[in-house]
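Structural overview for review
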Amino acid sequence: EVRDITFEMLGEAHQLIGDGGEVIALFLGDVSQKGLLEQITPHAHRTVAYLDSNLKDFEPLRYQAAFANLFESVDCQLILMGQTAFGMDLAPAIAARWEIPFTTDVVDIDGAEGLIAIRQMYSGKVNAKVSLKPADKWLVTVRAGAFPAEDIPTVSGELQEIAGSVEGDLSA
């Protein structure tokens, strides 16, 4: 099942690009999850899927290696990842590996001039504006429920599958 946070991020991505740009959905998963792409593809201009039977269970190093294959095949400016157990494990490692400005647990995004992210602090009592340094790419994790998951634009999306296999011991 595709989680609501996925649709929330797709909707916010459409809001951020307005009438220009392209929403690209990145999908990492086991080949048995291919059917989930039918729910995502209509809401992204392009869905890039890395399907690998070695991604059946979440193992951070394996997913980082798979994401590396996706990352190098997609040109994008902003990467949104859910503030989930998966995202909290994967996002910092990705940001560090590619030296991308990064912030977590975002509840609002303003991309008018650079990237300004709104994060809640002190159990939601304070909203902090976080200005990310100028860069070619940014990575933010998005808090579940921060954006609406309804009324997401439908586009004639294209699906691009990347075949790969992340095998062996990746700890070295």
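Above: the structure in question.
A brief structural summary. (Residues numbered from 1 in each chain as written. Predicted model: local features only at pLDDT ≥ 70, side-chain atom pairs only at ≥ 80, totals over all residues. Heavy atoms only, no water.)

It is worth spelling out the overall build of the chain at this point. When you go through the chain residue by residue, the secondary structure sums to four helices and eight strands. In sequence order, the chain lays out its α and β elements as α-β-α-β-α-β-α-β-β-β-β-β. A compact globule built from 172 residues should have a C-alpha radius of gyration of about 16 Å, and the chain, at 16 Å, falls within 12% of that. Each principal axis of the C-alpha distribution contributes one length, and for the chain these read about 45 × 40 × 30 Å. Burial statistics for the chain: of 172 residues in total, 43% are counted as buried. Accessible surface computed for the chain: about 9,400 Å², of which carbon and sulfur atoms make up 46%. Taking the 12 positively charged and 26 negatively charged side chains of the chain as two groups, their mean positions are separated by 6 Å. (Helix = DSSP H or I, 4+ residues; strand = E, 2+ residues; numbered from the N terminus. Rg over C-alpha atoms; globule rule 2.2 N^0.38 Å. Buried < 20%, exposed > 50% of the residue type's maximum accessible area, 1.4 Å probe, protein only. Areas by Shrake-Rupley, 256 points an atom, 1.4 Å probe, with all protein chains shown as cover. Lys, Arg positive; Asp, Glu negative; His and termini not counted. Charge placed at Lys NZ, Arg CZ, Asp CG, Glu CD.)

Taken as a whole and assessed by the stated rule, the structure comprises four aromatic pairs. Each ring, one from Phe58 and one from Tyr63, has its centre 5.0 Å from the other, and the planes form 55 degrees; the classification is tilted. Judged by relative accessible area, Phe58 falls into the partly exposed class, the value being 32%. Three or more aromatic residues link up through ring pairs in this structure, and these residues are Phe58, Tyr63 and Phe86. (Phe/Tyr/Trp six-rings, centres within 6.5 Å; stacked < 30°, edge-to-face > 60°.)

Another aspect to go through is the sheet that holds strand β4 (residues 102-110). Strand order in the open sheet made by the five strands is β3-β7-β4-β5-β6, with mixed pairing throughout. Edge positions in the sheet fall to β3 (78-82) and β6 (126-132), since each of these pairs with one other strand and no more. Mean inter-strand twist for the sheet, computed between neighbouring axes without regard to direction, equals 50 degrees. The sheet contact formed by β3 and strand β7 (residues 138-142) spans five bridges and is parallel. By the bridge assignment for β7, Gly82 is matched with Val142. Most of the contacts of helix α4 (residues 85-98) go to β3, to which it runs at about 155 degrees, and overall it touches β3, β4 and β7. (Pairing = 2+ DSSP bridges. Axes fitted to C-alpha atoms, helices over the stretch in contact; angles between N-to-C directions. Contact = heavy atoms within 4.5 Å.)

Right, let's get into helix α3 (residues 60-71). End to end, α3 covers 16 Å across twelve residues, agreeing with the expected 16 Å (1.5 Å per residue, within 8%). Among the residues of α3, Arg62, Tyr63, Gln64, Ala66, Phe67, Ala68, Leu70 and Phe71 are the ones counted as buried. Looking at the buried positions of α3, the neighbouring elements they touch are β1 (24-29), β2 (46-51), β3, α4 and β8 (158-163). (Expected span 1.5 Å × (residues − 1).)

Nonpolar side chains collect at one region of the surface, where Met121, Tyr122 and Val126 lie side by side and expose about 290 Å² of accessible area between them. Within the fold, Met121 resides in strand β5 (residues 115-121). For Met121, a relative accessible area of 32% gives the class partly exposed. (Patch = residues over 30% accessible without salt bridge, like charges linked within 9 Å, V, L, I, M, F, W, Y side chains within 5 Å. Salt bridge = Lys/Arg side-chain N within 4 Å of Asp/Glu carboxyl O.)

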